[in-house]
Amino acid sequence: MPKPLLKVEHLSMRFGGLTAVDDVSFAANEGEITALIGPNGAGKTTLFNCITGFYKPDAGRMILSQGITEPEDIEKLTRSGRRHAALAAGSICLLERMSDTEIARRARIARTFQNIRLFAGMTALENLIVACHNPLMAASGYTVLSLLGLGSYGAREKDALETAKYWLAEIGLLDRADHAAGSLSYGAQRRLEIARAMMTKPLLLCLDEPAAGLNAAESAKLNELLHAIRDRHDASILLIEHDMSVVMTISDHVVVFDYGRKIAEGTPSAIRKDEAVIAAYLGVEDQDLHNAGLAAGA
């Protein structure tokens, strides 16, 4: 049976009188693609911002656990007041207690955003290398070792370069490694941004609308990339997406939100048939549901 990598328990987030996330609980399993879907304003991005440390939730718990299945280990860490623990069986991180930088570094969660955030004037290769800035700086000892190629810096730099070339090949951009990122097609930029996140070797990759603005061919390439990440790179994926053709094609598990609350979850085939999803998520006629890929048998 799949093991939960991320468990969100009774999470709530309020902005003044507005409850953006209301008592939400769900799990994202190791080695799976979990999709969060729902209308605009349903609270999906707010939830992402809580998971990645940009927001501190008002209530609830978010547990990133690797190799830990015993509830008492998690409860012991919670009672201790600490943020994380390393045990013989694995590690536990309580994300609601951690900063965004600690979540990225220690919990190994990486994310992309709705709007592409590449360095447009830098090359595709440089955009990937920049993801290794912190380990490269640590290898340099924060001195001139990087200029002289001394110590472990040379080996770490070579490793970063080889990893970057690998990901450029994975996303079909190795022959454009020296091209400015801003000159690439929109779909190529989307894939490059995902590759940059993968340079950090995350346990959980959080993608905020990765298929937004893509045509059918670009969406197909995205689907292939996400399947490759799940199947070959020991990374689980949590994504927000409005493109139902992408969601229903690649997801192992789907969680549906409306007005900040979870209204359904299950396999893509189960979600297609869920009456609450049909009524609350789209609120349109059956033929429109069929066209969107949510009707039974789509």
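Look above for the structure.
These notes cover the structure that comes with them. (Residues numbered from 1 in each chain as written. Predicted model: local features only at pLDDT ≥ 70, side-chain atom pairs only at ≥ 80, totals over all residues. Heavy atoms only, no water.)

## Considerations on the sheet that holds strand β7 (residues 109–111)
Here is step 1 of the chain: Strand order across the open sheet formed by 6 strands is β7-β8-β9-β3-β10-β11, with mixed pairing between neighbours. This sheet does not close on itself; its edge strands, each paired only once, are β7 and β11 (261–266). Neighbour to neighbour, the strand axes of the sheet diverge by 20° on average, direction disregarded.
Here is step 2 of the chain: Note that strand β10 (residues 253–258) and β11 share 5 bridges and pair antiparallel. Residue V256 lies in a different strand from β11, and its bridge partner there is A264.
Here is step 3 of the chain: Packed on one face of the sheet, helix α8 (residues 186–198) meets β7 and β8 (204–208) and runs near 155° to β8.
Here is step 4 of the chain: Packed on one face of the sheet, helix α9 (residues 216–232) meets β3 (33–37), β8 and β9 (236–240) and runs near 145° to β9. (Pairing = 2+ DSSP bridges. Helix = DSSP H or I, 4+ residues; strand = E, 2+ residues; numbered from the N terminus. Axes fitted to C-alpha atoms, helices over the stretch in contact; angles between N-to-C directions. Contact = heavy atoms within 4.5 Å.)

## Re the packing of aromatic side chains
Here is step 1 of the chain: Applying the stated criterion across every chain, the model contains 4 aromatic pairs.
Here is step 2 of the chain: With a centroid separation of 6.4 Å and 85° between ring planes, the pair formed by F26 and F257 is classed as edge-to-face. In this pair, F26 is assigned in strand β2 (residues 18–29) and F257 in strand β10, connecting sequence segments 231 residues apart. Residues F26 and F257 agree in their burial class; the two are buried.
Here is step 3 of the chain: The interplanar angle of 85° and the centroid separation of 5.8 Å between the aromatic rings of F54 and F113 together place this pair among those described as edge-to-face. Residue F54 is found in the loop between α1 (44–51) and β4 (59–66), and its partner F113 is found in the loop between β7 and α4 (124–129); the two are separated by 59 residues along the sequence.
Here is step 4 of the chain: Taking the relative accessible area as the measure of exposure, F113 reaches 18% and is therefore buried.
Here is step 5 of the chain: Between the NZ or CZ atom of R117 and the centre of the ring of F113, over which it lies, the distance is 3.8 Å. (Phe/Tyr/Trp six-rings, centres within 6.5 Å; stacked < 30°, edge-to-face > 60°. Buried < 20%, exposed > 50% of the residue type's maximum accessible area, 1.4 Å probe, protein only. Lys NZ or Arg CZ within 6 Å of the ring centre and 35° of its normal.)

## Description of α9
Here is step 1 of the chain: Between its first and last C-alpha atoms α9 spans 24 Å; for 17 residues at 1.5 Å apiece the expected length is 24 Å, and the two agree.
Here is step 2 of the chain: Those residues of α9 that sit buried are E218, S219, L222, N223, L225, L226, A228, I229 and R230.
Here is step 3 of the chain: One side-chain oxygen at the N-terminal end of α9 lies 3.2 Å from the backbone nitrogen of A217; it belongs to N215.
Here is step 4 of the chain: Looking at the residues trailing α9, positive phi occurs at D234, about 55°. (Expected span 1.5 Å × (residues − 1). Polar contact = N/O pair within 3.5 Å; in protein donor to acceptor, adjacent residues only side chain to side chain.)

## Digging into the environment of S236
Here is step 1 of the chain: Tracing the sequence through the fold places S236 in strand β9.
Here is step 2 of the chain: S236 sits 30 residues away from C206 along the chain, and the two C-alpha atoms are 8.7 Å apart.
Here is step 3 of the chain: In this view, S236 contacts L5, N29, E30, G31, E32, L203, L204 and L205; residues no more than four positions away in its chain are not counted.
Here is step 4 of the chain: Polar side-chain contacts of S236 include one of 2.8 Å to the backbone nitrogen of G31.

## With respect to the nonpolar core
Here is step 1 of the chain: Core analysis: the biggest nonpolar cluster contains 46 residues, and L168, L192, L205, L226 and I229 have the highest contact counts within it.
Here is step 2 of the chain: Shared between two domains, this core takes at least three residues from each, and those domains are domain 1 (4–108 + 201–297) and domain 2 (120–199).
Here is step 3 of the chain: Apart from residues no more than four positions distant in its own chain, L226 is found in contact with I33, I194, L207, I237, L239 and I250.
Here is step 4 of the chain: Ranked by size, the runner-up nonpolar core spans 30 residues in total, among them M13, F48, M62 and L95. (Core = buried A, V, L, I, M, F, W, Y, C linked by side-chain atoms within 4.5 Å. Domains from an automatic or database assignment.)

## Looking at the side chain of T112
Here is step 1 of the chain: Along the chain, the position of T112 falls in the loop between β7 and α4.
Here is step 2 of the chain: Overall, the relative accessible area of 4% leaves T112 in the buried class.

## Overview of the environment of T52
Here is step 1 of the chain: Take T52: it is sitting in the loop between α1 and β4.
Here is step 2 of the chain: On the basis of relative accessible area, T52 is assigned to the buried category, the value being 5%.
Here is step 3 of the chain: With residues near it in sequence (within four places) discarded, T52 still touches D100, I103, I109, R111 and C206.
Here is step 4 of the chain: Among the polar contacts made by the side chain of T52, one reaches the main-chain carbonyl oxygen of F48 at a distance of 2.8 Å.

## Examining the sheet that holds strand β6 (residues 90–94)
Here is step 1 of the chain: Taken in spatial order, the 5 strands line up as β2-β1-β4-β6-β5 in an open sheet, and their pairing is antiparallel. Every other strand in the sheet has two partners, leaving β2 and β5 (84–87) as the edge strands with one partner each. Across the sheet, the mean angle from the axis of one strand to that of its neighbour is 10°, orientation sign disregarded.
Here is step 2 of the chain: One ladder, built from 8 bridges, connects strand β1 (residues 4–15) with β2; its direction is antiparallel. Counterpart to L6 in the pairing with β2 is A28.
Here is step 3 of the chain: The strands touched by α1 are β1, β2 and β4; relative to β1, the strand with the most contacts, the crossing angle is about 115°.
Here is step 4 of the chain: Relative to β6, helix α2 (residues 71–80) is tilted by about 45°, and along the sheet it contacts β4, β5 and β6.

All we've got here are geometric facts, nothing functional implied.
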